[in-house]
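# A look at the structure
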Amino acid sequence: AFGLTLAALLVRAERNGKVGRLTRAGDQPVWRDPATGYRRRQIFSRPDHPLEMVHVELPPGQKVAFPAWSYAHTRHAVWCQAGHLVIHEGAHRHDLGPGDSLGFGPPAEVIYANEGSVPCTYIVGLVRG
């Protein structure tokens, strides 16, 4: 795993007094992986709400992987906004273009890959529980 964990983001937000129903764009935590340039903006996350939303920009030729256990107690969906996104979900390959969305199945290793020549942006929505 890399980047800030959900728990770390929540603690950071609580320390800054930013937990509430409204999250201003300037208060949304952003993290960039120095190795890949993967950029993650936490658009919505509250400890008392089951929904979490993340905006991601994945540079061309880059990929990020997440182990199956990170999907064990959540349900994920992805909405591709720009570029093309390839998702390897266990043994399944899904090719998404702008406007396409995918709801994930049972927990499996997931690889998000940008095999294109332009940045890919997408939204990840997840529900805990």
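Look up a bit, the structure's there.
Let us now look at the pattern of salt bridges. Considering all chains together, one arrives at five salt bridges under this definition. Between Glu52 and Arg40 there is a salt bridge; the shortest N-O distance is 3.6 Å. You can see Glu52 sitting in strand β3 (residues 51–58) and its partner Arg40 sitting in strand β2 (residues 39–45), a full twelve residues away along the chain. Taken individually, Glu52 and Arg40 each receive the classification buried, so the pair is uniform in this respect. Among the ionic contacts, a cluster of salt bridges with common partners joins Arg40, Glu52 and Arg128.

Turning our attention to the state of the cysteines. Here the structure, examined in full by the defined rule, presents zero disulfides. This cysteine, Cys80, is not joined by any disulfide, and Cys120 carries the nearest cysteine sulfur, 4.1 Å off. On the basis of relative accessibility, which here comes to 0%, the residue Cys120 falls in the buried class.

On to the sheet that holds strand β4 (residues 63–66). Spatially, the four strands line up as an open sheet ordered β4-β9-β6-β7, and their pairing is antiparallel. Of all strands in the sheet, those with a lone pairing partner are β4 and β7 (92–96), marking the two edges. Averaged over all pairs of adjacent strands, the angle between their axes in this sheet comes to 15 degrees, without regard to strand direction. In terms of strand pairing, strand β6 (residues 85–89) meets β7 through five bridges, oriented antiparallel. The partner of Ile87 across the bridge, within β7, is His94.

Turning next to the nonpolar core. Formed by 20 residues in total, the largest nonpolar core has its most connected members in Tyr38, Val78, Leu85, Ile87, Phe104, Tyr112 and Tyr122. Of all the elements in the fold, those that place two or more residues in this core are β3, β4, β5 (74–82), β6, β9 (110–113) and β10 (120–128). Not counting residues up to four positions away in its chain, the partners in contact with Ile87 are Val78, His92, Arg93, His94, Leu96, Leu102, Phe104, Val110, Ile111 and Tyr112.

The rules we used
Residues numbered from 1 in each chain as written. Predicted model: local features only at pLDDT ≥ 70, side-chain atom pairs only at ≥ 80, totals over all residues. Heavy atoms only, no water. Salt bridge = Lys/Arg side-chain N within 4 Å of Asp/Glu carboxyl O. Helix = DSSP H or I, 4+ residues; strand = E, 2+ residues; numbered from the N terminus. Buried < 20%, exposed > 50% of the residue type's maximum accessible area, 1.4 Å probe, protein only. Disulfide = S-S within 2.5 Å. Pairing = 2+ DSSP bridges. Axes fitted to C-alpha atoms, helices over the stretch in contact; angles between N-to-C directions. Core = buried A, V, L, I, M, F, W, Y, C linked by side-chain atoms within 4.5 Å. Contact = heavy atoms within 4.5 Å.

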